[in-house]
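Structural overview
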Amino acid sequence: MLNRRHIRVKVMQSIYALHQKNSDDIEKEEKFLLHSIDSIQDLYLTMLSSLVEIRKRKLFFLKLQAKSTW
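Source: prediction; values computed, not measured. (Residues numbered from 1 in each chain as written. Predicted model: local features only at pLDDT ≥ 70, side-chain atom pairs only at ≥ 80, totals over all residues. Heavy atoms only, no water.)

1. What about the packing of aromatic side chains?
We count it as follows: In summary, the pairing rule links any two rings of Phe, Tyr or Trp, Trp by its six-membered ring, whose centres are within 6.5 Å, and it sorts them by plane angle into stacked for under 30 degrees, edge-to-face for over 60 and tilted for everything else. Partly exposed residues are those whose accessible area sits between 20% and 50% of the maximum for their type, while under 20% is buried and over 50% is exposed, using a 1.4 Å probe and protein chains only.
If you walk through the whole model with that rule in mind, you get one aromatic pair. Their ring planes at 65° and their centres at 5.6 Å tell us that Phe-60 and Phe-61 sit as a pair that is edge-to-face. Given the relative accessible area of 46%, Phe-60 is considered partly exposed.

Written out as structure tokens, the structure reads:
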């Protein structure tokens, strides 16, 4: 889930980068910020799907272990 804290951190990183570059190209920095926020959402979805896969593997190995003990 993308919350206010994540957005606030990304905005502050973008402002800092803009200040360090001494650049006035706000549109380019805004595009980079939006891309960065999209990548946070992609990372979140990847993390969720990896947890689902880990659970599936755990159940599979538990079934194998149960069969081998009988």
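Now that the structure is up, let's keep going.
2. Here's the deal with the environment of Ile-7
Our working definition: Helical segments are the DSSP runs of H or I of at least four residues, strand segments are the runs of E of at least two, and each set is numbered from the N terminus.
Mapped onto the elements of the fold, Ile-7 is located in helix H1 (residues 4–21). Its relative accessible area of 33% is what places Ile-7 among the partly exposed residues. In this structure the C-alpha to C-alpha distance between Ile-7 and Phe-61, which are 54 residues apart in sequence, comes to 39 Å.

3. Topic: the pattern of salt bridges
Should their charged atoms come close, side chains of opposite charge can pair. Stated formally: Take a side-chain nitrogen of Lys or Arg and a carboxyl oxygen of Asp or Glu: if they are within 4 Å of each other, that pair is a salt bridge.
Under the counting rule described, the total for this entry stands at two salt bridges. Across the pair Glu-29 and Lys-21 runs a salt bridge whose closest N-O atoms are separated by 3.1 Å. For the salt bridge of Lys-56 with Glu-53, the shortest nitrogen-to-oxygen distance reads 3.6 Å. A residue pair is termed a helical-turn pair when its members lie 3 or 4 positions apart in one helix, as Lys-56 and Glu-53 do in helix H2 (residues 26–69) at three residues.

4. Let's talk about the side chain of Glu-29
Threshold: Note on definitions: a residue-residue contact is assigned when non-hydrogen atoms from the two residues lie within 4.5 Å.
Its place among the elements puts Glu-29 in helix H2. Every residue in contact with Glu-29, bar those within four places of it in the chain, is listed here: Ser-14, Leu-18 and Lys-21.

5. Comments concerning the side chain of Ser-14
Residue placement: Ser-14 occurs in helix H1. Contact partners of Ser-14, with chain neighbours within four places excluded, come to Glu-29, Phe-32 and Leu-33.

Function cannot be inferred from these measures alone, as they are strictly geometric.
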